[in-house]
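# Remarks on the overall topology
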Amino acid sequence: MKRFFLTVAILFVALISTTSLSARELHVVPEPAYVDLEAEGEYVVTEKTRIIVVDDLWAPAARFTEDMMSYYGSDKPMRTSKHGNKGIKVRLDRFVPAEGYEMTVSEEGVLIIGGTEAGVYYGLQTLRQIIVTNDGKVPYGYIADEPTFEYRGAHLDVSRHFFSVEDVKRYIDILAAHKLNRLHWHLTDDQGWRIEIKAYPELTEKGSMRSETLIGHGLNPEFWDGKPYGGYYTQDEIRDVVAYAAARYITVIPEIEMPGHSQAALHALPWLGCNEQEVDVWTMWGVTPEVLCAGKETTYEFLENVLSEVIELFPSELIHIGGDECPKDRWKECEHCQAMMQSMGLEHEEELQGYLVARIEKYLISKGRRMIGWDEILDGGVTETATVMSWRGISGGIYAAERGNDVVMTPMSLCYFNFYQTESRKGEGLHIGGHIPFEKVYAWNPYEGMSDEAREHIIGVQCNMWSEYIKDMDTIEVMLLPRLGAMAEVQWAEDRRDESTIRQKMETMRKFYDACGWNYAPYYFEGRQ
Ligand code: TNX
């Protein structure tokens, strides 16, 4: 039924765009499901326009007026009230899809009807793009919209480089404007532990600082900067970020890496390792052999204690446990790991990782949560209930989806926004490698190679921002935009992408980015791939 509705919608949009004048084209990113601009005329929104709030939708209305503050250069634009004749009216209707909305524009003003508060918010985001990029003139017409994917994520690595609460909020603002609804917050790794855990103050006291940072490719001594580097979030700051995101209908999924990518924790608490030797907070990028011991009960106790605090801070049902890139060298030589394997009847160290992950998942389920991990969690034999994040290509995701596990697709060759945006790399500064231009993201079919049954288990799509070579928010923005525009089209509008209109739409989006004061990369707009 949904397919039918969308097919009709696409045909309709195609018809309109061939018969109507370009002035009556709507440039919204991501593309709405159905657009009808047949009626002549436009409603002009100004900072005096009233927002009429029905069904207690004060929260999304307040977010909207906040978003419009910088555009109007006023700290009190657009009064909100319960009554009024003309203006922007928001209300709910349970027949509209949960995150969807309908928007009708006439001489009466703009009426936005959402399935939920989030739907109303997305309708207001569409309206905001039109106002900001079209001098407040909103064409008469009707839009019906809803997302393709339920999970529309972006990831942020704050371990390799640390980003302040203000930076993270700015990142959240950008995601929200593109109708994303998940922030995957990568809080711990070898190069820094960034979340306060009351039971283990050493994690941040010692584990959040490294002696220096690798700033070049290669391992020559001159490639390290010689400057101590650190930072972490207190639990109050974490709560602040989670609430800020929730107010923008974004769920923050915390990631606590285990059993690999844990050298910062091992520095703080050496008893977590197999040989209990002192190690530094790591000053290299890549994969370290220093990992948590999977044979000692104290490791499990530690992980559960950490997760119990994490669960208190994050209402997200999904909790990310990492699980990627865990070399097994230490485990092979460790009496505790070998004894654990023997007592559990495990033959290979991979199975020991499977044991650890399954045990942690059981703990999370006992707390009413669900586990998500990188696709290496498949290697040790994954449970039926885990959600899998496919990053080593698409095959792990396809395999997991075919088994019936939920999957988030985030293959490295398409979703790693820490990769270069042009082939020549000219003007891009130093980055980790790879090449992912805007066009490649936009053309991606996340269902490629999948059976119909497997498709049902693809809950969403995510882009990742690893920060080895990204040290400030300005650079994050340049790596994120405009590629996030392409990603949002895949996430929200997977089945209505159109190569023939995207460039024009992005030119309009560029105006929006300028108006918001966000940095973006110029390459796509210059025709460089
Ligand atoms: C792989 S994706 C990693 C990260 C790195 C990234 C660099 C994943 C689960 N692991 O630890 O930062 O590549 O692009």
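Because the structure is a prediction, the values reported are computed rather than measured.

## Quick word on the packing of aromatic side chains
All told, the structure shown has 26 aromatic pairs when counted by the stated rule. An angle of 90° between the planes, with centres 6.2 Å apart, marks the rings of W271 and F302 as edge-to-face. In this pair, W271 is assigned in the loop between α7 (263–268) and α8 (297–313) and F302 in helix α8, connecting sequence segments 31 residues apart. Its relative accessible area of 34% is what places W271 among the partly exposed residues. A residue is classified by how much of its surface remains accessible, and F302, at 2% relative accessible area, is buried. Plain terms: the ring middles of Y513 and Y520 are 5.9 Å apart, the flat faces sit at 45° to each other, and that makes the pair tilted. Under the relative-accessibility criterion, Y513 is labelled buried at 0%.

## A short note on the site of the ligand
Close contacts around the ligand come from R160, H261, D324, E325, W374, W391, Y416, N418, F419, I432, W466 and E468, and that covers them all. Interatomic distance of 3.1 Å between a side-chain N/O atom of D324 and a nitrogen atom of the ligand. One of the side-chain N or O atoms of E325 is found 3.4 Å from a nitrogen atom in the ligand. Across the shell around the ligand, the residue classes tally to six nonpolar, two polar and four charged.

## Quick word on the environment of E107
For E107, the location among the structural elements is in the loop between β6 (101–106) and β7 (109–114). Distance from E107 to Q125, taken between C-alpha atoms, is 21 Å for residues 18 residues apart in sequence. Apart from residues lying up to four places away in sequence, E107 is in contact with Y43, K86 and Y140.

## Concerning the domain arrangement of the chain
Looking at the chain, the domain boundaries give domain 1 (9–145) and domain 2 (151–495). Each partner contributes to the interface: domain 1 provides 20 residues, whereas domain 2 provides 16 residues. Summed over both partners, the interface of domain 1 with domain 2 comes to about 1500 Å²; 53% of that surface belongs to carbon and sulfur atoms. Applying the counting criterion to the domain 1 and domain 2 interface returns two salt bridges. The closest approach of N and O atoms between E66 and R248, which form a salt bridge, is 3.3 Å. Counting the contacts that link domain 1 with domain 2 gives eight residue pairs in polar contact (both at pLDDT 80 or more). Among the secondary structure elements, those contributing two or more residues to the side of domain 1 that touches domain 2 are α2 (58–72) and α3 (117–133). Sort the elements by how many residues they give to the side of domain 1 that touches domain 2 and α3 lands first, with eight residues. Its residues assigned to classes, the side of domain 1 that touches domain 2 comprises 10 nonpolar, three polar and seven charged.

## Topic: the side chain of S208
Its location among the elements puts S208 in the loop between α5 (202–205) and β14 (209–210). Reaching out from S208, the side chain makes a polar contact with the backbone oxygen of T204 at a distance of 2.5 Å. With residues near it in sequence (within four places) discarded, S208 still touches W193, R194, L203, Y229, G230, G231 and Y232.

## Regarding empty space enclosed by the protein
Counted under the stated rule, the structure contains four cavities of 30 Å³ or more. In this structure, the largest cavity spans a volume of roughly 60 Å³. Taken together, the residues that form the lining of the largest cavity break down as five nonpolar, three polar and three charged.

## With respect to helix α16 (residues 473–480)
Listing the buried residues of α16 in full gives M473, I476, E477, M479 and L480. Summarising the axial view, the buried residues of α16 lie within an arc of 165°, below the 170-degree limit, and thus occupy one face. Next to the buried residues of α16 lie β10 (151–157), α4 (165–177) and α17 (483–493).

Calculation notes
Residues numbered from 1 in each chain as written. Predicted model: local features only at pLDDT ≥ 70, side-chain atom pairs only at ≥ 80, totals over all residues. Heavy atoms only, no water. Phe/Tyr/Trp six-rings, centres within 6.5 Å; stacked < 30°, edge-to-face > 60°. Helix = DSSP H or I, 4+ residues; strand = E, 2+ residues; numbered from the N terminus. Buried < 20%, exposed > 50% of the residue type's maximum accessible area, 1.4 Å probe, protein only. Near = heavy atom within 4 Å. Polar contact = N/O pair within 3.5 Å; in protein donor to acceptor, adjacent residues only side chain to side chain. Nonpolar A, V, L, I, M, F, W, Y, C, P; charged D, E, K, R; others polar. Contact = heavy atoms within 4.5 Å. Domains from an automatic or database assignment. Buried area = accessible area lost by both parts, 1.4 Å probe. Salt bridge = Lys/Arg side-chain N within 4 Å of Asp/Glu carboxyl O. 1 Å grid on protein atoms, 1.4 Å probe; cavity = no way out; pocket = protein on both sides within 12 Å on 5 of 7 lines; lining within 4 Å. Points joined across faces, edges and corners; volume = space filled by probe spheres on them. Arc of directions from axis to C-beta.

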